[in-house]
Amino acid sequence: MTDKPIVLMPEDVQRILGKDAQRNNIMAARMVSEIVKTTLGPKGMDKMLVSPTNDIIITNDGVTILEEMQIEHPAAKMMVEIAKTQETEVGDGTTTAVMIAGKLLENAEKLLDKKIHPTVITKGYRIAADKAQEILMDLALKITTGNKEDEALLKQIAMTAMTGKGAEDAKERLSEIIVQALKQISGGENSGRKKIDINDIKIETSKGKGIKNTELVQGVVIDKEKVSYDMPCSVKNSKIALIDFPLEIKNPEIDTKISVTSPEQLHSFVTEEERSIKEMIEKVKLSGANVIFCQKGIDDFAQYLLAKERIYACRRVARSDMEKISKATGGKIISNIDELNPFELGNADLVEEVRHGEDVLTYIRGCENPKALTILVHGGTDHVIEEVKRAVRDGLGDVACVIESGLVVPGGGAIEIELAKKLREFSQGLSGREQLAVEEFASAIEFVPTTLAENAGLDPIDTLTELKSRHDSGERNVGLNLFTNKIENVLESKIIEPLKIKTQAINSASEVAIMILRIDDIISATGHGNKSLGMGNNQIGKIRPDY
Ligand code: ADP
Ligand code: MG
C-alpha cells in the first residue's frame with residue numbers, strides 16, 4: 001500500500017457530490033422560477049431586458065425572458081429548455097411550465113429534509129404526473145368549432161391568452177384577426193381536427209399607427225420597398241419572378257486582376273459586363289415577369305433597366321419571405337437565369353408599395369393560394385410592436401390548439417385547484433412515502449392560482465382557501481377572475497384555455513424536476529457546477545486566457 005493519492009481527473013475539474021449537488025441544482029432551478037413568477041397572469045408585471053448592445057426588450061413572456069438572459073447554470077438551463085419546448089409545442093404557457101417545475105423541486109427539497117430518498121420522490125412524482133394527465137383528460141371540456149357561437153368562444157380563448165401582455169387596448173380586434181386567420185388556414189368551417197401550422201401565418205410589423213390598426217392582409221406583406229424610385233408603385237395581374245442570385249455585375253469568384261492599358265480597353269471591359277446584365281434583364285422580360293423578388297442584390301444599372309421595362313423589383317428579400325411568397329403565389333425560386341420561364345412565375349392580383357409612417361412595405365395581394373395570410377401589427381414604438389407580436393403568437397397558438405383538439409379547460413386557476421384536489425384523493429390509496437410525494441406534487445400545481453392572486457395584490461392564502469373549499473363543495477369550475485377580482489365560475493366569465501397548455505406544462509415540468517432530482521454528482525470541467533445562476537452578458541467581450 002502506498003499513501004500516494006489516486007488521481008482520476010485533472011485538478012481543475014470541479015465536483016459537487018450528493019446533497020450539495022442536489023441543493024445546488026434545486027436552488028438554481030428555483031431561482032429561474034422566481035424570476036418569471038411575477039409575470040404570471042393578467043396582473044403580472046413586465047421585465048425590461050437590456051442586451052450588451054443596449055437593445056431593450058420589454059416583455060411579459062416567460063420564454064423570451066429566459067432566452068434573453070443567457071443563463072449559464074446547467075440545471076437552470078434545463079429549466080429554460082422547458083419554456084422553449086412549451087413555446088414550440090403550444091405557443092403559450094411558458095411561465096406556468098417553468099413555475100411548476102420550480103415548485104416541484106422546492107417541494108422535493110422539503111421531502112429530502114425529511115430524509116425521504118430521491119428515488120422515492122421521483123417515483124411519487126412520476127405516478128402523480130401520469131395520474132395528472134388522466135385527470136386532466138377527464139376534466140377537459142369538449143367544444144365544437146364551426147358555428148358562430150364557437151367563433152365567439154375561440155375569440156375569448158385568444159383574449160385570455162393575450163391578457164396582461166401590452167395588447168390590452170386592442171384585444172378585441174386582435175382576437176378577431178387571430179380567429180379569422182386560423183379559420184382560413186384550417187380550411188374554414190368544420191374542417192378542424194387537423195394539424196395547423198401557425199407558421200403559415202406571417203406576422204409583419206409596421207411602426208407608425210396604433211395597435212388598433214393591426215390588420216389581416218389577404219396575401220403576403222414584406223418589409224421591403226421597391227428598389228428604384230422610377231419603378232411602378234403597383235402592378236396589377238402580377239407575374240412574379242423569385243430569384244436567389246444577384247442581378248449585378250459579376251464578382252469573379254477568385255481574385256482576378258485585370259490590367260488595362262488604354263481607355264478603350266477599360267471601356268470594352270465595362271461594356272462587356274453591362275452586356276451580360278442587359279442579357280439577364282432581357283431574359284426576365286421575355287419570361288413575362290413584371291415583378292421580381294431577389295434574394296441578393298440588384299445594382300444600379302440593373303435597376304435602371306428594370307425600371308425602364310416597368311418591372312417592380314425588391315432586393316435582399318429574406319429567404320423565409322422568399323419561401324412564403326413562393327408558397328403563396330405558386331412561383332418557383334430560381335437559381336439560374338436560364339431556368340426562368342412563364343411556368344415558373346408566381347401569380348397575384350396586385351403587388352404594391354404601401355407607406356405607413358416611416359415604414360415602406362410591399363403588399364402582395366390576391367395570391368394564387370387563398371390561404372396566404374399576413375397579420376400586420378401596427379404600433380407606436382418598436383417595443384410595443386414586438387410585445388404585441390409575442391401576444392399575437394400566444395393567441396394563435398392557443399386558438400390553433402383548440403381548433404385542432406376541441407378540448408378546453410377553465411383558466412384562472414380553476415383547473416389547477418380541481419386537479420390538485422383529485423390528485424390528493426388519489427394519493428390516499430398509496431403507500432406512505434409515495435403518498436407524501438404525490439401530495440407535494442398536488443401542492444406544486446396550486447402554485448399557479450396562489451401566484452395569480454399574489455401578482456394581483458390579493459392574499460394568496462385566503463384565495464387558495466376559498467377556492468379549495470368551493471371546489472370541495474363541488475363547484476369544479478370556480479376560479480379567480482382577475483378582471484373583477486372575484487372568485488366565481490370562470491367558464492361563465494369566459495376565462496378559458498386549451499387543455500394542451502396544461503398537459504404539456506405538467507408533463508415537461510415533471511420530467512425536468514425528476515431529471516434534476518436524480519442527479520447526485522456534478523462533475524464539471526469548466527467549473528460550471530460551482531457557479532450560481534449566472535447572466536452571460538457580463539462575460540461578453542472578455543477575452544478568455546485559454547483561447
Ligand atoms: P403563461 O406564460 O404561463 O401563459 P401568462 O402570463 O399568460 O403565463 O398567464 C397565464 C395564466 O393567467 C393562466 O393560468 C390563466 O388561467 C390566467 N388568466 C388569464 N386570464 C385571466 C383572468 N382574466 N383572470 C384570472 N386568471 C387569468
Ligand atoms: Mg400565456
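Residues numbered from 1 in each chain as written. Chains lettered and ligands numbered in written order. Predicted model: local features only at pLDDT ≥ 70, side-chain atom pairs only at ≥ 80, totals over all residues. Heavy atoms only, no water.

*Asks:* So what exactly am I meant to see when it comes to the pairing of strand E13 (residues 373-379) here?
*Replies:* The two faces of a sheet get side chains in turn, since along a regular strand they alternate between them. Counting buried positions over the seven residues of E13 gives seven, a clear majority of the element. Bridge analysis of strand E5 (residues 201-207) against E13 gives seven bridges, and the strand direction is parallel. Paired with Ile203 across the strands is Ile375, a residue of E13. Where strand E6 (residues 215-222) and E13 come together, four bridges link them in antiparallel fashion. (Buried < 20%, exposed > 50% of the residue type's maximum accessible area, 1.4 Å probe, protein only. Helix = DSSP H or I, 4+ residues; strand = E, 2+ residues; numbered from the N terminus. Pairing = 2+ DSSP bridges.)

*Asks:* Honestly, unusual backbone geometry in this entry has me stumped. Any pointers?
*Replies:* What is expected of a backbone is that most residues other than glycine have negative phi and most peptide bonds are trans. Positioned with a positive phi, Gln70 is a non-glycine residue whose angle comes to about 50°. Residue position: Gln70 is located in the loop between helix H2 (62-68) and helix H3 (74-89). Of note in the backbone geometry, Asn237 takes a positive phi value of approximately 45° without being a glycine. Along the chain, Asn237 turns up in strand E7 (residues 234-243).

*Asks:* Could you clarify how one ought to interpret a nonpolar patch on the surface in this entry?
*Replies:* Among the surface-exposed residues, Ile258, Val260, Leu266, Phe269 and Val270 lie close enough to one another that they form a single nonpolar patch of about 400 Å² accessible area. Looking at the element boundaries, Ile258 is found in the loop between E7 and helix H8 (263-287). Exposure remark for Ile258: the relative accessible area of 48% places this residue in the partly exposed category. (Patch = residues over 30% accessible without salt bridge, like charges linked within 9 Å, V, L, I, M, F, W, Y side chains within 5 Å. Areas by Shrake-Rupley, 256 points an atom, 1.4 Å probe, with all protein chains shown as cover. Salt bridge = Lys/Arg side-chain N within 4 Å of Asp/Glu carboxyl O.)

*Asks:* I'm lost on the environment of Pro370 in this one. Help?
*Replies:* Inspection of the secondary structure puts Pro370 in the loop between strand E12 (359-367) and E13. The exposed category is assigned to Pro370, whose relative accessible area is 58%. It is 26 Å that separates the C-alpha atoms of Pro370 and Glu339, two residues lying 31 residues apart in sequence.

*Asks:* Help me understand empty space enclosed by the protein in this model?
*Replies:* If you roll a probe as big as a water molecule over the atoms, it shows you where there is empty space left. For the structure on display, the rule yields four cavities of 30 Å³ or more. In this structure, the largest cavity occupies an estimated 450 Å³ of space. Forming the boundary of the largest cavity are 30 residues, of which Gly41, Pro42, Thr160, Leu452 and Glu497 lie nearest the centre. Listed by contribution, the elements that provide at least two residues to the lining of the largest cavity are helix H4 (94-113), helix H6 (148-162), helix H14 (447-455), strand E15 (478-481) and helix H16 (499-517). In terms of residue count, the dominant contributor to the lining of the largest cavity is H4 (three residues). Taken together, the residues that form the lining of the largest cavity break down as ten nonpolar, 14 polar and six charged. (1 Å grid on protein atoms, 1.4 Å probe; cavity = no way out; pocket = protein on both sides within 12 Å on 5 of 7 lines; lining within 4 Å. Points joined across faces, edges and corners; volume = space filled by probe spheres on them. Nonpolar A, V, L, I, M, F, W, Y, C, P; charged D, E, K, R; others polar.)

*Asks:* I'm lost on the domain arrangement of the chain in this one. Help?
*Replies:* Here the domain parsing of the chain yields domain 1 (18-141 + 410-517), domain 2 (144-201 + 385-405) and domain 3 (219-369). Between the C-alpha centres of domain 1 and domain 3 there is a distance of 52 Å. (Domains from an automatic or database assignment.)

*Asks:* Looking at this structure, I do not really get the site of ligand 1. What am I missing?
*Replies:* Neighbouring residues of ligand 1: 24 residues in total, closest Asp92, Thr95, Thr96, Gly412 and Glu497. At 3.0 Å from an oxygen atom of ligand 1 is found a main-chain nitrogen or oxygen belonging to Gly93. At 3.3 Å from an oxygen atom of ligand 1 is found a main-chain nitrogen or oxygen belonging to Thr94. In a pocket analysis with a 2 Å cut-off to the grid points, ligand 1 is assigned to the largest cavity. Of all elements in the fold, only H4, H14 and E15 reach the threshold of two or more residues within the shell around ligand 1. (Near = heavy atom within 4 Å. Polar contact = N/O pair within 3.5 Å; in protein donor to acceptor, adjacent residues only side chain to side chain. Sits in = over half its atoms within 2 Å of the grid points.)

*Asks:* Explain the packing of aromatic side chains here, please?
*Replies:* For any pair of aromatic rings, the description consists of the separation of the ring centres together with the inter-plane angle of the planes. On inspection of all chains with the given rule, the structure shows two aromatic pairs. Relative to Phe441, the ring of Tyr125 lies with its centre 5.6 Å away and its plane at 75°, an arrangement referred to as edge-to-face. Here the residue Tyr125 occupies a position in helix H5 (residues 118-139), and Phe441 occupies one in helix H13 (residues 432-445), the gap between them amounting to 316 residues. The same class applies to Tyr125 and to Phe441, which are both buried. Geometrically, the ring pair formed by Phe301 and Tyr304 is stacked, given 6.4 Å between the ring centres and 25° between the ring planes. Taken as a pair, Phe301 and Tyr304 lie in helix H9 (residues 300-308) at a separation of three residues, close to a single helical turn. Among the residues examined, Phe301 registers a relative accessible area of 19% and is labelled buried. The exposure class assigned to Tyr304 is partly exposed, which follows from its relative accessible area of 49%. One cation-aromatic arrangement involves Lys103 over Phe447; the distance from NZ or CZ to the ring centre is 4.4 Å. Of note, Lys226 hangs over the ring of Tyr229, and the distance from its end group to the ring centre comes to 5.5 Å. (Phe/Tyr/Trp six-rings, centres within 6.5 Å; stacked < 30°, edge-to-face > 60°. Lys NZ or Arg CZ within 6 Å of the ring centre and 35° of its normal.)

*Asks:* What am I meant to see in H8 here?
*Replies:* Residues lying three or four places apart along an α-helix face the same way, a consequence of the helix completing one turn every 3.6 residues. For H8, built from 25 residues, the straight-helix expectation of 36 Å at 1.5 Å per residue is met to within 8% by its first-to-last C-alpha distance of 36 Å. Buried residues along H8 sit in contact with strand E8 (291-294) and H9. Positive backbone phi, at 95°, marks Gly288, one or two positions downstream of H8. (Expected span 1.5 Å × (residues − 1). Contact = heavy atoms within 4.5 Å.)

*Asks:* Just checking my understanding: could you explain the sheet that holds strand E14 (residues 407-410) for this structure?
*Replies:* For sheets, the rule is that strands pair by backbone hydrogen bonds, running either parallel or antiparallel. Taken together, the three strands give an open sheet; going across it, the order is E4-E14-E17, and neighbouring strands pair in antiparallel fashion. Strand pairing shows two members of the sheet lacking a second neighbour, strand E4 (141-142) and strand E17 (496-498), which therefore form its edges. Pairing geometry for E4 and E14, over two bridges, is antiparallel. Counterpart to Leu141 in the pairing with E14 is Val408.

*Asks:* What exactly am I supposed to notice about the confidence of the model for the chain here?
*Replies:* Note: predicted coordinates in regions of low pLDDT should not be interpreted at a detailed level. Looking at the chain as a whole, the pLDDT averages 86, with 92% of positions reaching at least 70. Low pLDDT (under 50) marks residues 529-547, which in the prediction has 29 contacts with non-local residues, meaning those over four places away or in another chain. (pLDDT = per-residue confidence, 0-100.)

*Asks:* Whenever I open this one, the environment of Leu136 confuses me. Can you help?
*Replies:* Along the polypeptide, Leu136 turns up in helix H5. In this structure Leu136 touches Ile415, Leu419, Leu499, Lys502, Thr503 and Ile506, once residues within four positions along its chain are discounted.

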